[in-house]
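Observations on chain architecture
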Amino acid sequence: MQTFSLKPRILFGAGALTALEELRGKRVMVVTDRFFVTSGLLNKVAEHLAEGSWTVFDKVTPDPSLHLVAEGVAALRAFHAEAIVALGGGSPMDCAKAIRHFGREEGSAAIPLWCIPTTAGTGSEVTSFAVLTDLDAGVKHPVVDDALLPEVALLDASFLTGVPPVVTADTGMDVLAHALEGYVATGANDFTDAMAERAFRMAAEHIEGAVAGEQGDREAMLYASCLAGIAFNGAGLGVCHALAHALGGKYHVAHGRLNAILLPHVVRANSRDGRAAKKYGALAKLWGTSGTAQALAGKLARLRSRLSMPERLSEPVAVDEIARTALQDRCAATNPCPANEEMLRAILRGVNP
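Residues numbered from 1 in each chain as written. Predicted model: local features only at pLDDT ≥ 70, side-chain atom pairs only at ≥ 80, totals over all residues. Heavy atoms only, no water.

1. Quick notes on the overall build of the protein chain
Looking only at helices and strands, the protein chain features 13 helices and 8 strands. Taking 20 Å as the expected radius of gyration for a compact globule of 353 residues, we find that the protein chain reaches 19 Å, a close match to that expectation. Per-residue burial over the protein chain gives 56% buried out of 353 residues. Taking contacts inside the protein chain between residues at least 6 apart in sequence as the whole, the part at least 24 apart equals 78%. With the model as given, the accessible surface of the protein chain reaches about 14,300 Å², and the carbon-plus-sulfur share is 52%. If the 33 positive side-chain charges of the protein chain are averaged to one point and the 38 negative ones to another, these points end up 5 Å apart. (Helix = DSSP H or I, 4+ residues; strand = E, 2+ residues; numbered from the N terminus. Rg over C-alpha atoms; globule rule 2.2 N^0.38 Å. Buried < 20%, exposed > 50% of the residue type's maximum accessible area, 1.4 Å probe, protein only. Contact = heavy atoms within 4.5 Å. Areas by Shrake-Rupley, 256 points an atom, 1.4 Å probe, with all protein chains shown as cover. Lys, Arg positive; Asp, Glu negative; His and termini not counted. Charge placed at Lys NZ, Arg CZ, Asp CG, Glu CD.)

Next up, the structure:
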């Protein structure tokens, strides 16, 4: 038996932010980073919350650490928060998920979590994943638990206005990676496939326009990101993300950029699996090319080039160490081809400078 369930409630389109007024009467902690405070964008959220009923934890940094989560838990308890609103990209959302998860008092009900993504990439607003960094070990750990799922995902594309093109490209390639890996993961089913196919098609069509600053394309990428998140949350991911986590934890390269570098190599490696090769071919056809895994890998490489993204890592990496670390990552377990160190080393050698 397989299971597919849907959570959270998704609110989107014009006026979506007004739904925050449901939280009036609750003590709300907003989890975000300094940019949203200094830029004034936090005010777009605050105006829908009751005056004096909210506080802000704005210490989130990229790749949130276990130490940061512990600091957030202390702030949550000190404020006696009754709800959390996460505002930002994957880092604030993942941090907020972990703060709520680890800050829950024994025997008490979980407080509601609302997520407002401000980049079109991670899909964290609809997943049971939170990626945390162990700074001491230099490793990213994906924490996976259904208790991490938010209650509400609030999609407002106005927050994407002004996102730099390089960030839009990085996060957009993450959307494609989520859709691709979720589509061929061992946990995929008809329901996740429907989400992954739609997400892939939307991202492939709109990513370049989004990078160019077209607001309609940015909004489409935001929805594609959410769909891809639902897909991989149900299906799993694969070695592209396992390697990106290992590399990002040690070398601190943007996650989406790592996925962009790795993805064509991962597609070629996984195409040894007949089921994966067939599904890659189906996506290649959706993208207007011949229905083969090789054609898909080629399209991904050409897109990466048009977005002015590198095809290789900028510095040599410790291939054996990264392969061993990635093999222990939760994402590797649902790769369509059984992952082993030899496979991962071969992919890494292909992207080493």
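2. Here's the deal with the nonpolar core
Counting residues in each nonpolar core, the largest one holds 79 residues, and the members touching the most others are Phe 200, Leu 247, Leu 262 and Leu 296. Discounting residues that sit within four places of it in the chain, Leu 262 has contacts with Cys 240, Leu 243, Ala 244, Leu 247, Ile 347 and Val 351. Counting 21 residues, the second largest nonpolar core, distinct from the first, contains Val 60, Ala 86, Leu 113 and Leu 132. (Core = buried A, V, L, I, M, F, W, Y, C linked by side-chain atoms within 4.5 Å.)

3. Examining the sheet that holds strand β4 (residues 83–88)
Spatially, the 6 strands line up as an open sheet ordered β1-β8-β5-β4-β2-β3, and their pairing is parallel. Of all the strands in the sheet, the pair left with one neighbour each is β1 (9–12) and β3 (54–57). For this sheet the average axis-to-axis angle between neighbouring strands, irrespective of direction, equals 20°. Note: β4 against strand β5 (residues 113–117), 5 bridges, orientation parallel. (Pairing = 2+ DSSP bridges. Axes fitted to C-alpha atoms, helices over the stretch in contact; angles between N-to-C directions.)

4. Remarks on the packing of helix α5 (residues 165–184) against helix α7 (residues 215–235)
Closest axis-to-axis distance for the α5/α7 pair is 8 Å, and the angle between their directions is 35°. Note on packing geometry: the crossing formed by α5 with α7 is left-handed. Note on element contacts: α7 touches α5 through Arg 218, Met 221, Ala 224, Ser 225, Ala 228, Phe 232 and Ala 235, opposite Thr 168, Gly 172, Val 175, His 178, Ala 179 and Gly 182. Residues belonging to the contact of α5 with α7 are distributed by class as follows: 7 nonpolar, 5 polar and 1 charged. (Left-handed = near helix turned anticlockwise from the far one by under 90°. Nonpolar A, V, L, I, M, F, W, Y, C, P; charged D, E, K, R; others polar.)

5. A look at the environment of Glu 21
Inspection of the secondary structure puts Glu 21 in the loop between β1 and β2 (28–31). Separated by 203 residues in sequence, Glu 21 and Ala 224 place their C-alpha atoms 26 Å apart. Among the polar contacts made by the side chain of Glu 21, one reaches the side chain of His 48 at a distance of 3.0 Å. (Polar contact = N/O pair within 3.5 Å; in protein donor to acceptor, adjacent residues only side chain to side chain.)

6. Brief notes about the state of the cysteines
Tallied over the entire structure, the rule returns 0 disulfides. With no disulfide partner, Cys 226 has as its closest neighbouring cysteine sulfur the one in Cys 115, 11 Å distant. (Disulfide = S-S within 2.5 Å.)

7. Observations regarding the pairing of β2
Neither face of β2 is open: one carries Val 28 and Val 30, the other Met 29 and Val 31, and all of them are buried. Where β2 meets β3, 4 bridges bridge the pair, whose relative direction is parallel. Each bridged residue has a counterpart across the sheet, and for Val 31 the counterpart in β3 is Phe 57. Bridge count between β2 and β4: 4 bridges; the pairing is parallel. The residue of β4 that forms the bridge with Val 30 is Val 85.

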